Structures are given as C-alpha cells and as structure tokens.
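Secondary and tertiary structure notes
Listed here are the chains, written in short residue letters.
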2 protein chains.
Amino acid sequence: ANVQDMECEINKEYSVQCKRDDNEVYMPFSFIQKYFEVYGEFQNTDGYEKFEFAHSYSEVHQPPDVISPEGAFMSFEHYNVEIRKRVKCITAIEGVPISTQWEPAGHYYPIQIAQFALSHYSKYLREGEPETVSLLDGSNSDLGAWLTGVNVKVTSVWNQVRSSRVVEFQTPDALSNPGLYIHLKESIYALSMDLKIVSNGSISVTLKNDGATFHVHYVFSNTLITCDGKNIYYGLGVDRQDEWIHFARDADMDLLKGLMLKCSKYKKLNGLSLLGVTIRGHGVVDNVTLSSAVHMDHFFDAANWFVNHQDRRGGWPIMVTRKLIAGVMELQPGWYSAMAQGHGMSTLVRAYLKSKKSVYLRAAINALKLFEISSAQGGVKARFANSYDWYEEYPTTPSSFVLNGFIFSLFGLYDLKQVVKEEPLETVTRLYNEGIKSLKAMLLMYDSGFGTFYDLRHISVGLAPNRARWDYHTVHISQLLQLTKMEDDPLFSRTVKRWQEYMHGIRSPHN
Amino acid sequence: ANVQDMECEINKEYSVQCKRDDNEVYMPFSFIQKYFEVYGEFQNTDGYEKFEFAHSYSEVHQPPDVISPEGAFMSFEHYNVEIRKRVKCITAIEGVPISTQWEPAGHYYPIQIAQFALSHYSKYLREGEPETVSLLDGSNSDLGAWLTGVNVKVTSVWNQVRSSRVVEFQTPDALSNPGLYIHLKESIYALSMDLKIVSNGSISVTLKNDGATFHVHYVFSNTLITCDGKNIYYGLGVDRQDEWIHFARDADMDLLKGLMLKCSKYKKLNGLSLLGVTIRGHGVVDNVTLSSAVHMDHFFDAANWFVNHQDRRGGWPIMVTRKLIAGVMELQPGWYSAMAQGHGMSTLVRAYLKSKKSVYLRAAINALKLFEISSAQGGVKARFANSYDWYEEYPTTPSSFVLNGFIFSLFGLYDLKQVVKEEPLETVTRLYNEGIKSLKAMLLMYDSGFGTFYDLRHISVGLAPNRARWDYHTVHISQLLQLTKMEDDPLFSRTVKRWQEYMHGIRSPHN
Ligand SMILES: [Ca+2]
Ligand SMILES: [Ca+2]
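A brief look at the structure comes next. Source: prediction; values computed, not measured.

1. Quick notes on the pairing of strand β15 (residues 225–228) of chain B
Residues and elements named next belong to chain B. On β15, burial follows the alternation: Ile225 and Cys227 on one face are buried, whereas Thr226 and Asp228 on the facing-out side are not. Direction of pairing for β15 relative to strand β16 (residues 231–235): antiparallel, over a ladder of four bridges. When the sheet's bridge partners are listed, aspartate 228 is paired in β16 with asparagine 231. Linkage of β15 to β16, two consecutive antiparallel strands, is achieved through a turn of two residues, within which glycine 229 is found at a positive phi near 60°.

2. Concerning the pattern of salt bridges
Scanning the model with the defined rule gives 38 salt bridges over all chains in all. Note that Asp21(B) is salt-bridged to Lys19(A), the shortest N-O span being 3.0 Å. Of this pair, Asp21(B) sits in strand β2 (residues 14–21) while Lys19(A) sits in strand β2 (residues 14–21), on two different chains. Using a relative accessible area of 6% as the deciding quantity, one classes Lys19(A) as buried. Arg20(A) is the salt-bridge partner of Glu49(B), the closest N and O atoms lying 2.9 Å from each other. A residue pair is termed interchain when its members come from two chains, as with Glu49(B) in strand β5 (residues 48–54) and Arg20(A) in strand β2. For Glu49(B), a relative accessible area of 32% puts it in the partly exposed group. Exposure remark for Arg20(A): the relative accessible area of 15% places this residue in the buried category.

3. A few points about the relation of the copies chain B and chain A
Laying chain B over chain A is done by rotating through 180° and shifting 0.0 Å along the axis; what remains is an RMSD of 0.1 Å. These values place the two chain copies in the arrangement generated by a two-fold rotation axis. Interface overlap between copies: 100% of the residues of chain B at the interface are likewise at the interface in chain A, consistent with a symmetric, same-surface contact.

4. Section: the interface of chain B and chain A
At the interface, 74 residues of chain B touch 74 residues of chain A. Between chain B and chain A, the buried area comes to about 6,600 Å², and carbon and sulfur atoms account for 56% of it. Run the count over chain B and chain A and you get eight salt bridges. Taken together, the links from chain B to chain A amount to 51 residue pairs in polar contact (both at pLDDT 80 or more). Counting residues per element, the side of chain B that touches chain A draws most heavily on β5(B), which supplies seven residues. When grouped by side-chain class, the residues that make up the side of chain B that touches chain A number 39 nonpolar, 17 polar and 18 charged.

5. Remarks on the nonpolar core
Counting residues in each nonpolar core, the largest one holds 196 residues, and the members touching the most others are Phe384(A), Leu413(A), Leu416(A), Phe384(B), Leu413(B) and Leu416(B). When near neighbours in sequence (up to four residues on either side) are disregarded, Leu413(A) contacts Met345(A), Leu368(A), Phe371(A), Tyr391(A), Val428(A), Leu431(A) and Tyr432(A). Formed by 45 residues, the second largest nonpolar core is a distinct cluster that contains Leu195(B), Ala212(B), Leu259(B) and Val285(B).

6. Quick look at the state of the cysteines
Per the stated rule, a full pass over the model turns up four disulfides over all chains. Across a sulfur-sulfur distance of 1.7 Å, Cys227(A) and Cys263(A) are joined as a disulfide pair. Measuring the twist about the S-S bond at about 75°, one finds the Cys227(A)-Cys263(A) disulfide to be right-handed. Of this pair, Cys227(A) sits in strand β15 (residues 225–228) while Cys263(A) sits in the loop between α4 (251–259) and β18 (273–291), and the two are 36 residues apart along the sequence. Accessibility expressed as a relative area gives 33% for Cys263(A), which makes it partly exposed. Covalently, Cys8(B) is tied to Cys18(B) through a disulfide, its sulfur atoms 2.1 Å apart. Disulfide Cys8(B)-Cys18(B): the torsion about the S-S bond is -125°, which places it as left-handed. Of the two residues, Cys8(B) is situated in strand β1 (residues 4–10) and Cys18(B) in strand β2; the sequence distance between them amounts to ten residues. Residue Cys8(B) is classed as buried on the basis of its relative accessible area of 0%. Residue classification places Cys18(B) among the buried positions, given a relative accessible area of 0%. For chain A, the bonded cysteines pair up as 1-2, 3-4 when numbered in the order they occur along the sequence.

7. Overview of the packing of helix α5 (residues 295–308) of chain B against helix α6 (residues 338–355) of chain B
Residue and element names in this part refer to chain B. The interhelical angle for the contact between α5 and α6, taken along N-to-C directions, is 120°, at an axis separation of 9 Å. Here α5 lies oblique to α6, going by the angle between them. As α5 runs across α6, the sense of the crossing is left-handed. On the side of α5, the interface is formed by Met296, Phe299, Phe300, Ala303, Phe306 and Val307, while α6 contributes Ala340, Gly344, Thr347, Leu348, Arg350, Ala351, Lys354 and Ser355. Residue classes in the contact of α5 with α6 are distributed as nine nonpolar, three polar and two charged.

8. Focus on the sheet that holds strand β5 (residues 48–54) of chain A
Strand pairing in a sheet relies on backbone hydrogen bonds. The paired strands run either parallel or antiparallel. Taken together, the ten strands give an open sheet; going across it, the order is β4(A)-β5(A)-β1(B)-β2(B)-β3(B)-β3(A)-β2(A)-β1(A)-β5(B)-β4(B), and neighbouring strands pair in mixed fashion. At either margin of the open sheet sits one strand with a lone partner, and together these are β4 (39–45) of chain A together with β4 (39–45) of chain B. Averaged over neighbouring strand pairs, the angle between their axes works out to 40° when direction is ignored. Packing of helix α1 (residues 29–36) of chain A onto the sheet brings it into contact with β1 (4–10), β2, β3 (24–28), β4 and β5 of chain A together with β3 (24–28) and β5 of chain B, and relative to β3(A) it is tilted by some 70°.

So, how was this worked out
Residues numbered from 1 in each chain as written. Chains lettered and ligands numbered in written order. Predicted model: local features only at pLDDT ≥ 70, side-chain atom pairs only at ≥ 80, totals over all residues. Heavy atoms only, no water. Buried < 20%, exposed > 50% of the residue type's maximum accessible area, 1.4 Å probe, protein only. Helix = DSSP H or I, 4+ residues; strand = E, 2+ residues; numbered from the N terminus. Pairing = 2+ DSSP bridges. Salt bridge = Lys/Arg side-chain N within 4 Å of Asp/Glu carboxyl O. Least-squares fit on C-alpha atoms with pLDDT ≥ 70 in both. Contact = heavy atoms within 4.5 Å. Buried area = accessible area lost by both parts, 1.4 Å probe. Polar contact = N/O pair within 3.5 Å; in protein donor to acceptor, adjacent residues only side chain to side chain. Nonpolar A, V, L, I, M, F, W, Y, C, P; charged D, E, K, R; others polar. Core = buried A, V, L, I, M, F, W, Y, C linked by side-chain atoms within 4.5 Å. Disulfide = S-S within 2.5 Å. Axes fitted to C-alpha atoms, helices over the stretch in contact; angles between N-to-C directions. Parallel < 35°, antiparallel > 145°, perpendicular 65-115°, else oblique. Left-handed = near helix turned anticlockwise from the far one by under 90°.

Any link to function would need more than the numbers given here.
Dropping the structure here:
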C-alpha cells in the first residue's frame, strides 16, 4: 500500500495524525467522533468486519394509529420507568416510583409516577393478558402445594364480603419463621394477592440470582426500602391492618432495586429464578398468583396516587429545588409542572374510562385549574412575547419554554377533552386550542437546522442555546408524529420529516 | 504499515471506503467534507506537506475602534463592490454601480450603491491621500507632454468661474482621430479631470493588458457600457454639454467590466499598464490627474445618486421582483428596503459631514419616513409576534426578518442620530431605541447552536430554517462586534464570542 502518515492541522489550532493515499486524506475517527459528535463501532458479521458510522443514537417509536384517551399513550410501551437508576424503588405502600433525581433522599415526582402508569397501561394494551400461575384461590385443593411450619393454622373459609373462598392463616410473624410457604421454580416474577392482616404479618419472596439466594420481604412498616445482606425489605405501611390490600409486585424489580443499595457484592440480575413465596402472621388471603406482568395493578396504583395526592389547587406539587440555570432559572420546592398536570390527566382519564369511577375524572378536571394561573403566581402558564400561552414543564421566571413538556401537557388536555362535557369541556377546549395555536406559531423556534432545541432559554435570557440531545430529539419526533394524527395541519408532517432527516446528518439548506 | 481497507457504513444507508490501522478507523476527507460541510487543502511549506482542515472559510473583520458617523463604516474598507460579478459596471453618467442581481438587464440597487459609497469612503480613511500624477493643470508648461493631431487647437486660458487656468481644446471628435493625447506607462489607473464640453467630445484611455492593447472610450451617449473588439464604450450621458463635469474613473475596473462583455478572447486583467489618455472634441479641461484611487469621488457620486433619486416617500424604490421563497415571500418591483434606507442614511450623513451641504442631511432625514410605515402598506416596518418592531431588508408579507439588513438599518439610524436635532432627533431616537429593543429580544432566535440563521422565515412560514452561510455569519459577527461599541449590554459581547467559536466547530452545549 502507498498509504503514508500526514499531519492534519485543525482550524490552525492543533494537529491530528491522518493518513494519505494518493490525493485522498483520511482522518481518524477518534477525532471525527469528538469533533462532530457522531458515533461509530466495529461490526463483525460471520468474520467480515466493517465500521458502522451513526449520526445519532436514539430510536424513533411510532405513536398509535389512532389517538384515543383509552388507547396506548404515545409510544410509552417502550418506556421502562422503574429500571432507571434515578428511581430508588417502587414503594410498597402506594405502589409508585420514588425518584432520587435532584434530591438523593427521594421524592414523589408526579411526572415519573404518571410515566410509570402510562407505560404499564400501554404495555398492557400491547401485550394483552399476562401469563399467570394461580398459587392459591382460597379453596382447599390449592393448599396441598403449600408447606407450613409448626404452630401454623391454615383453613379455607367462605368470605361474605368478597363472595369467595379465602384462606385464613395464623403463623408466628418473625421473618425467621417458615410461615405458610410454597416451593417454586418459576421464571415469571410478578406476585399478586388479596390480603387482609389481622395483627402483624409479612410476605416474602425467595429468589435465586447469580447463584445466591435472596429474600425480598414485604413488612408492615413505613420504611420504603432497606437491605441486610441478601435480605431486602419493603414497607407496606404501618396502618394497613384490618383492611383488604391488593398486593402486586414485580419481585425481580424489587430485588434489583435492593441490590442497588449495595448490602451484598451482587449488583445485577443474572440467571434469575423464583424459588418460593412465604406468608406470615394472622390474616386472610386470596388469589395468590404469579404473573408475567401486573401492568394494570401498577397503572391503578399510580392513578390512585394522583387522586390521593392532589392538593386544593388541583396540582401535584414537586417538593425539590430545580435549577435549570443556577441563579437564573430556579424553582423552589412546591412548584407545579404543566407536564405533571397533563400526564396526570392522561393517567386519570384512562383510569376513569377503565373503571368508570368518577373520582378519577373529577381529579383530572381539577388538574386544569393551574393551566389558568401564570408561573409568577405559582401556576404553570407562561407567555411568549406577550402573544402566546405556553404551559411550562418548569414554570421558571424568566420562562424556559421546554418543548416536550408543553406538548405532553397538550396531550393531557386532548385526552380530557374527549371525555368531559359542558363547563369543563369549554375550559379544556379553550386551553387546548390556545396551546395548539402557540405550538404552531413557535414550533420552528426549536428547529436548529440540524437538530432541535430542548427549550428557549437562549431567547428568554440571552445565553447559549440548549441543544436537545438525540433522545430528546426523538421524543420531539414521536410527539410530532402523534400531532399529525391529532391536528390537520401540514406543518407537523413537514417538520417531522425534516427532524427525522437531521438524525441522518441531513441539514436544512443554507443561503 | 499495517493499514488495511475497511468498509464504513454510513447511517446504514451507504458505504464509503475507510482505512484501518489497529483500532483506529480513518475516514476519507472527500466524505467528511461533503457530509459535514467543512473545508480542507494541502499546504506545502518548504517541501513539508500537511493538510489544513478548516471548519469555515470566511474571515471576520474588526469594526473601527470608535463608531462615528464621520468614521469608517463597519469594516467596509474590505469590500470591493464593483469587482463583483453581479455589478455590470460603474455607470459613467452617475458614477454608480449597476446591478444584474435578480434582473440581468441591470437595475440601480440602492444597497449596492451605498456599499460602493461606504467602502470607498472607508478605504479613503484607511489609505489616506492617494498617490497622484498630475497630467494637466491648465498651465502652458504641462502642455509640452501632450501630442495633437492635425487641425487641433490647444490653448491655456484663464477661467473666471474656476479661478484657475484651464486648457481649451478643439479637435475633430471622431474616435479614430488622435485628438489631444499623452503617452504614458503607468501602473495606477484612476483617471480624473474637470471638463466642460462645448459641442461633442470624448475621453479615451489606452491600456495594455495580457499583451494586447485596449481602448476604453467615454462618450456623450446614454449607453451604459458596450464593446467592439478591444474597444469598450461608456456613456457619459447625452445632455451634459456646456456644464463642468467632474470625471473620475478607475480605468482598470472599466476595462475589466468591458472584458466581461466578451467582445474579445480576453477575460481578465493580467500585466496591466496604462499607455495613454486622449481628449477629443471642443471644450475646456483642467486637473487631468492619474491616481492610485479616487475613493472620495466615487463616494460623492453615490451620495449624489441618493439625493437625486429619492422619491416623495423618502425612499429609493427597487425596481426588480425579489422572490425570497417563490409563491410565499415575494416582492414586486417598487419595493423599499430598510437596509437601503439605512445605508443611504449612513452615506448621506457622511456626505453632509464632509461637505457641510444640507441637501445630504435633508435626504437622510427624509429616509426615516418609511421606517414608520408597515410592510403591508409599502413601508419597511414588520412586527414580530405583535410585540417587536423590525425594519425589513425585504419587507415581505409574511415577514422575513433578515438579521444583517436589520442591523445595517440600525447603523443608519445610529449615524443619523448623532447629527440631527429637535424633531428629527426625537424620531430617529425613537426608531433606533425600538429597533435595539427588538434586536436584544430577538437576537438569540438567530443562534442555531452551531452557526446562525440568515432570517426567521422558518418561524414566519413554518418551512426549513435558512442557515446563514459562513460569509453571512461573519457579517453577523462584525455587526455584533460593532454593537458592543454602540450599546452597553453584555448580550452582544457574550453572543459574539460564541458566534466566533462556532466558526471553529465549537457548538453550544446540549442537555
Ligand atoms: Ca377465592
Ligand atoms: Ca487649473
């Protein structure tokens, strides 16, 4: 080969080592990758090796064919909220994620809780009914598979309230006690049951992981999650005796979140297998089931959280400090988010349509109120150039105009608009229409000609534009794809086409 | 060497041939150049060859240290308006460029005429007095160097009006006649004289170029420019007898524009030399001079054009169709440009300060009127989001919001503001302040995070952003550098720093 080394001088500032072959110069990818923010990796297929150059790294998911308040939410079936590092765990008290983002001690982040709800809802629609193994339905026949320790009473009894046979049990409640126990070897990990505890009690799941045996214990305490060697503990709450509890957990996820607390050398799931379930204490139990998933249980847990934690302003206040730009754009604990309000609506409207319980719909309607209140007055409404209403994911002053959060808030309004009448319908229609008007007028402000901006901080405060990294860019694209199905305006289809081209390095024209 | 060929697959769409050396992949510059819009060339210094990679191609010029209405205009001393291909020629009737941009037949483009004025004005300030060779000052002693044909009368006489000796001449006026002639061998090409023709006459310059002899003839016709073999003709106008004309031409430029008409095989200047000057007809002449430049003559020719061609609305209408986006953003002949109005002001204010003639100042003040009239009503004022006034280089409906033209219009207002009083001062101050307010609010809308936008067409009509190519980007930078000296707002210095970094491939942050 006639290939020689050659110095490449970059912008007269520094040099990198290139190769030259005749009149072609070859530049090293280690330089290109960093300089142009692109990606690449070797791919070996049947011994043939090539280099795959990629302009961007994120994948675009298609929204549902028909946008419906009963349907999947955007492409959220691809989300896995709870696996994210910034989710400490799914609490066993309310069954919702707790976030360590911006606050390592953990806080309830309504956006995350709604995404948890909507992703499980959408997964349910996509996957259909889960695979299940019934472990105990209250009849005597099931009990044959269960073992007990000494001094344990187990009886199948008729329960008037539930109109079903249930199992009454009475065992010592120390976790060291074998209780009422079933040996299993399963590779599905969602455990659910209906349970009423008379005095103290607990549920434990035994799992084999990475060759070791772990126990995940669910106990009547208020500690969210803790660990001790290979034992992981979730609190079910202290005041939940004498009421029927619907218990539904992904034991694999609960184990994983426990491992992340680092009480043992084990850090990840590997060769997992479910070895058994233990029930202790004194109470009644029914419908003990292993499933491949308990999506709808998670969904309703989260929907109920929205009902139970809505404040008198109709909002779900976020109790952490949020600094978009330190000293310039900050939110103090107690702020509301239009995205949380909108996501809450999308969750609550689906819960209403599935359950027909009006408590969900009332909460969704209440969530509208903050859309009418300006950021300066503690609401979520910003105004661009005194001309366009904007519902703020982060209602900072000056305004930040985050695009994806605004569009998600519109999706919430859109969902609610389909299911209400009379005065709430008028309100939500007006809010939605104003929002869409703003979006149409301002959408192109987010177009950088080779990608998108995450927000308009540069216009608000005259600082550097905040370019959206590719995974936010793909969220923008998914949102526009959905908008093409909601709104009859070629703006959205034209723009999304170009935004998709940006992912392949195609730029907008220059003059 | 261990270098091997390797396939690089680009975005899973197509492949290019790369090189591999151990774990480094080298991509061909022919691909990089096109894909990333960058530049590169081999540089050989004393036998050492390297490859110079350049992110951008355009150079930033610094504005004057102090911005003054009497000073250089921005960095226009670097402009050479007349050499541009789209300048057909500098007319000999009025001494201004005629543009073939958007209209091959040619038209008077006030922006180009003002840039011609301001570049020569700024060059004059930069270069100081030109090098000159006096050929004839009206005295008998100079006449010794001149030759005449037969039947030629030449006399030095006292001229009352000019209070100076001048030369009266009477020769046959056919261009074939040698007339009053001087042999030269000079490498400066600006010819000037004061001339009054009684009956017909002409001036010719003989130049040697590329080994051939060319004649540039200035004749009393209305034909702007024409050619015939190696003869090039410029019309001085038909009705200019019996008045003193100040003649001032760059003969080299006049030759070049003639060559571009393609009457001969010669296309460019090469080994140029000025061989002689001929004066014919019947008239009086004085101050025949060769100079290295006649910048201030060009400047005042252009300033006079602005006085003579201002219409009753105070504008300089542009008589061509301008299509920013065909069918979407178009201007019909007769449109005004805020940039033309502002550039006109900057020219006229300088002409006023140099000459103390109030006719220039009155014209500059008249040019304000169109700033108050909206684009829809034939003026130049647009409005962004019903909140910000914007002076339009191209006052299309919908608005285009071209950045550089707007800032140039502010420079015009700034210049005028320094020299007027009372009512015009109030008006121009209000217009300037409104403009600066808009600029501060909207400047960052032009920041793409890796370059700038030329206009806001994408926001106005929802089409692809129009990225500014690097030479417009550097105009933006030069303008911001000037604004840092005009306005005490860190926005401008902060922004221009980033815009300069973009030229070296440094992007704004992403989230
Ligand atoms: Ca039962
Ligand atoms: Ca004289």
